[in-house]
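What follows is each chain in one-letter form.
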Amino acid sequence: MADDVERSSQTTQLYERLRTAILTLELLPGQSLAERGLESRFQASRTPVRAALVRLEAEGLVRRDGRSYAVAPIDLDEIAQLAEYREAIETAAARLAVRRASDEQLDELADELNDAADASAAGDSVQAGGDFHARLAELAGNPFFGTAVATSLRRLERTRWLEARSPEARSHARDEHRRILQAMRERDAELATTLIAEHIRGTHERLQDAVATNDWRRAQLLPQ
């Protein structure tokens, strides 16, 4: 029993370390992830290494490469498809939330936005931004919306981290979040949905610009 608990703990720790390394591009798209190399690098045994890789594969962050694994490429077609999906889901959720969310719930979300304003690092900003979108979807009063948004954002986390690397991008996103929430607090569904759609499209366009202006990164991001 104690051995099982220790292996589970080691798997979780290794999974989190690998996931962070992939999201921050410490491990680049396409980079090989040999089990023996990971065992040595992270001082872990083979079973936790394999279990962590299986979890990352399910999230689309690694893929099998023969008998080994490699960091998954970022699929630009998938990114575009997810942007379309998010726009459809999040605008529908916002329209419902304008009708269903209480003033107290919207006030709480405003407080959360203010608390997140101090997020200066890209990773913290991505987490705060994702929390905002997920919470907004939850206020629709339909759990399927929240699940759909959270799942989409998880698939996009690596690219969202890239888009949020500059302080200017993070500040711009926070300002857009505030405007969206203000429209909702004023119960203006048309404005809220317009702002959300523009925000999602703008985020996608900024990501495309970031990829296009970094040749070495672009070569790594494009699917093989």
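Draft legend 1. Region of the structure containing the packing of helix 2 (residues 35-42) against helix 3 (residues 46-58). Contact geometry for helix 2 and helix 3: axes closest at 9 Å, N-to-C directions at 110°. Accordingly, the angle class assigned to the pair helix 2 and helix 3 is roughly perpendicular. The interaxial crossing formed by helix 2 with helix 3 has right-handed handedness. The residues of helix 3 that touch helix 2, namely those facing E35, R36, L38 and E39, are R46, V49, R50 and L53. Taken together, the residues that form the contact of helix 2 with helix 3 break down as three nonpolar, no polar and five charged.

Draft legend 2. Main features of the sheet that holds strand 3 (residues 68-71). The three strands are arranged 1-3-2 in an open sheet whose pairing can be described as antiparallel. Either end of the sheet is taken by a strand with one partner, and the two such strands are strand 1 (32-33) and strand 2 (62-65). As judged from the two bridges shared by strand 1 and strand 3, these two strands associate in the antiparallel manner. Considered in strand 3, the bridge of L33 is made with Y69. Sitting on the sheet, helix 3 touches strand 1, strand 2 and strand 3, and the angle it makes with strand 2 is about 110°.

Draft legend 3. How the structure looks around the packing of aromatic side chains. Enumeration according to the criterion identifies zero aromatic pairs in this entry. Here the basic side chain of R55 rests over the ring of Y15, its NZ or CZ set 3.7 Å away from the ring centre.

Draft legend 4. Quick peek at the environment of D175. Its place among the elements puts D175 in helix 9 (residues 167-185). Residue class for D175 comes out partly exposed when judged on its relative accessible area of 34%. For the pair formed by D175 and A117, sequence separation is 58 residues and the distance between their alpha carbons is 9.7 Å.

Draft legend 5. A look at a negative patch on the surface. On the surface, a cluster of negative charge is made up of E104, E108, D111 and D115. Looking at the secondary structure, you find D115 in helix 5 (residues 103-116).

Draft legend 6. Spotlight on helix 2. Within the sequence span of helix 2, burial applies to E35, L38, E39 and F42. Summarising the axial view, the buried residues of helix 2 lie within an arc of 105°, below the 170-degree limit, and thus occupy one face. Directly beyond the C-terminal end of helix 2, a positive phi value near 50° is found at Q43.

Draft legend 7. Fine view of the pattern of salt bridges. Going through the model one piece at a time under the given rule, you end up with 16 salt bridges. In this structure, R135 and E138 form a salt bridge, with 3.7 Å as the shortest nitrogen-oxygen distance. Here R135 pairs with E138, and both are found in helix 6 (residues 122-138), just three residues apart, close to one helical turn. For R135, a relative accessible area of 19% corresponds to the buried category.

Draft legend 8. Structural context of the environment of A116. Turning to its location among the elements, A116 is positioned in helix 5. Apart from the residues lying within four places of it in its own chain, the contact partners of A116 are A128 and R174.

Draft legend 9. Inspection of the confidence of the model for the protein chain at higher detail. Scored by pLDDT, the protein chain has a mean of 86; 88% of the residues are at 70 or more. The lowest-confidence element of the protein chain is helix 11 (residues 215-221), averaging 50 in pLDDT; the highest-confidence one is helix 4 (residues 76-100), averaging 95.

Draft legend 10. Inspection of helix 5 at higher detail. Between its first and last C-alpha atoms helix 5 spans 20 Å; for 14 residues at 1.5 Å apiece the expected length is 20 Å, and the two agree. Within the span of helix 5, buried status applies to L106, L109, A110 and L113. All buried residues of helix 5 fall inside an arc of 105° around its axis, so they share one side. Structural note: helix 5 exposes E104 and D115 on the side pointing more than 90 degrees away from its buried face.

Draft legend 11. Focus on the nonpolar core. Membership of the largest hydrophobic core comes to 21 residues, with the highest contact counts inside it found for F132, L136, I180, L181 and M184. Where this core is concerned, the elements lending two or more residues are helix 4, helix 5, helix 6, helix 9 and helix 10 (189-212). Take this core: its biggest share by element is five residues, from helix 10. By size, the runner-up hydrophobic cluster in this structure holds 19 residues, among which are I22, L33, L38 and A44.

So, how was this worked out
Residues numbered from 1 in each chain as written. Predicted model: local features only at pLDDT ≥ 70, side-chain atom pairs only at ≥ 80, totals over all residues. Heavy atoms only, no water. Axes fitted to C-alpha atoms, helices over the stretch in contact; angles between N-to-C directions. Helix = DSSP H or I, 4+ residues; strand = E, 2+ residues; numbered from the N terminus. Parallel < 35°, antiparallel > 145°, perpendicular 65-115°, else oblique. Left-handed = near helix turned anticlockwise from the far one by under 90°. Contact = heavy atoms within 4.5 Å. Nonpolar A, V, L, I, M, F, W, Y, C, P; charged D, E, K, R; others polar. Pairing = 2+ DSSP bridges. Phe/Tyr/Trp six-rings, centres within 6.5 Å; stacked < 30°, edge-to-face > 60°. Lys NZ or Arg CZ within 6 Å of the ring centre and 35° of its normal. Buried < 20%, exposed > 50% of the residue type's maximum accessible area, 1.4 Å probe, protein only. Patch = residues over 30% accessible without salt bridge, like charges linked within 9 Å, V, L, I, M, F, W, Y side chains within 5 Å. Areas by Shrake-Rupley, 256 points an atom, 1.4 Å probe, with all protein chains shown as cover. Salt bridge = Lys/Arg side-chain N within 4 Å of Asp/Glu carboxyl O. Lys, Arg positive; Asp, Glu negative; His and termini not counted. Charge placed at Lys NZ, Arg CZ, Asp CG, Glu CD. Arc of directions from axis to C-beta. pLDDT = per-residue confidence, 0-100. Expected span 1.5 Å × (residues − 1). Core = buried A, V, L, I, M, F, W, Y, C linked by side-chain atoms within 4.5 Å.

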